[in-house]
Amino acid sequence: MQEFDELKHIWQQSAPAPVANRLPDVNRASSQTKKKLQNELRNGAICLYFTAIVIAAMAIWGNFNFEHWYTYGAMVLICLICLAQATLMAYTYQKVKQIDETASPKQHLSQWEAYYAFRRGQLKWNGPVYFVMLNLALGIYFIEVMAGASEQFLIIFWTIYTAWMIFAYFIMGRRILKREKKRIESIMNELQHLEQQFAE
Amino acid sequence: MRQQETFTQLYRQYAPGIRKLCLGYTGSAAQAEDLLQEAFMAVWNNMHKYRGDASWGTWIYRIAVNTCLLYLRKEKSKPQKVDTDLLQNMADEENNQESEVQHLYKCISRLPETERLIISMVLEDLPYEDIASIAGISENNLRVKIHRIKKQLTEMFNSYARV
């Protein structure tokens, strides 16, 4: 029958591998949840800001000479949607950045839980609003751009465009949304389970 | 002292203990190595936040505990019931002192998540006051937990010894 002190003796006898010459490379891409999330959000926001700038530059200096104001309006709308989405990503980035890895485990876990609760709320409206608004703007833009095309081409184009949008929103989008919701729920359950262990 | 020098010194001083903590938590040397790297990357990224309220050791252990708890979420490793068949196989495979160490790690990795971390720190002989500060719980609550975990771990280890 082993007593706990003997287990302690076994533990303390175990010699860990030498670490002196194996410093972690702090510059390597981290697989840490926090750093990874921050990088994804920051890069996503930068890409969207850049896209908005490029579209705005095209609208101003592109010499498209569109006849109708609403075509430029559509370009402005696309810019605004990109800017709004980028700002939301930047805001989410800040929320992740504020999670304190040096806080007590219980506080740290509840900070993550708060983040995932925020993400769950965001998931409900952000994706659908972004999708509908962007496609509305693209639809308006195509009215003038496609004006000179043959009737046959227009029928094919709008059929493919509409079919793709319906597929992307109702089939692909909903499936992704469902999966993401399930993932967030599972993470939140695990976080609550861990938090509970500290309370017991 | 430059950040790099302080970091190197802290790594050399605390990495062996943190590695054991991670090993007790995951029960796998490869995962423990991965966790050790992640924990020290978090230490590097947060060094500017250190105010000296607690010792470097307490501060680093706390970051390591937080890293471990989140890592588990990714790895989906759950505490498992001790399987006597599995322990029998393990006993057949290894019969030296090192095997006792390995079995101790395996037994620890079968405890609930927070208990693995607490008992690893107890085995490492960290003062109860420090462990309570790292875990963010009261010392009284910690003592109750430790008493329960010690009993559970000893029973688990002895059940291996019997097979």
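Anything mentioned here points back to the structure above.
About the criteria used
Residues numbered from 1 in each chain as written. Chains lettered and ligands numbered in written order. Predicted model: local features only at pLDDT ≥ 70, side-chain atom pairs only at ≥ 80, totals over all residues. Contact = placed C-beta atoms within 7 Å. Helix = DSSP H or I, 4+ residues; strand = E, 2+ residues; numbered from the N terminus. Expected span 1.5 Å × (residues − 1). Bend = angle between axes of the 7 residues up to and from the residue. Buried ≥ 20, exposed ≤ 12 C-beta atoms within 10 Å, placed from the backbone. Core = buried A, V, L, I, M, F, W, Y, C linked by C-beta atoms within 7 Å.

Engineer: Got a minute to help me understand the interface of chain B and chain A in this structure?
Structural biologist: The interface is formed by 40 residues belonging to chain B together with 32 residues belonging to chain A. Secondary structure elements with two or more residues in the side of chain B that touches chain A: α1 (3-26), α2 (29-46), α3 (56-75), α5 (97-108), α6 (113-123) and α8 (139-162) of chain B. Residue contributions to the side of chain B that touches chain A peak at nine residues, all from α3(B).

Engineer: Just to check I follow, could you spell out helix α5 (residues 151-199) of chain A for this structure?
Structural biologist: Because each turn of an α-helix spans 3.6 residues, side chains separated by three or four positions in sequence point in the same direction. Residue and element names in this part refer to chain A. Its 49 residues give α5 an end-to-end C-alpha distance of 69 Å, which sits within 8% of 72 Å, the value for a rise of 1.5 Å per residue. When the local axis directions of α5 are compared, the greatest deviation, roughly 35°, occurs at Gly173. Burial in α5 covers these residues: Ile187, Glu190, Leu191, Leu194 and Phe198.

Engineer: Even after reading the chapter, I still don't get α2(B), so can you show me in this structure?
Structural biologist: In this model, α2(B) (18 residues) spans 26 Å end to end at C-alpha, consistent with the 26 Å of a helix rising 1.5 Å per residue. Of all the residues in α2(B), the buried ones are Ala32(B), Leu35(B), Leu36(B), Gln37(B), Glu38(B), Ala39(B), Phe40(B), Met41(B), Ala42(B) and Val43(B).

Engineer: Can you help me understand the nonpolar core in this one?
Structural biologist: The nonpolar side chains of soluble globular proteins are, as a tendency, buried together. Residues and elements named next belong to chain B. Core analysis: the biggest nonpolar cluster contains 67 residues, and Ile18, Cys22, Ala39, Ala64, Cys68 and Leu153 have the highest contact counts within it. No other element matches α3, which puts 10 residues into this core. When sequence neighbours within four positions are dropped, the list of residues in contact with Ala64 reads Ile18, Leu21 and Ala39.

Engineer: Looking at this structure, I do not really get the environment of Ala54(B). What am I missing?
Structural biologist: Structurally, the position occupied by Ala54(B) is in the loop between α2 and α3. Between the alpha carbons of Ala54(B) and Met156(B) there is a distance of 34 Å; along the sequence they are 102 residues apart.

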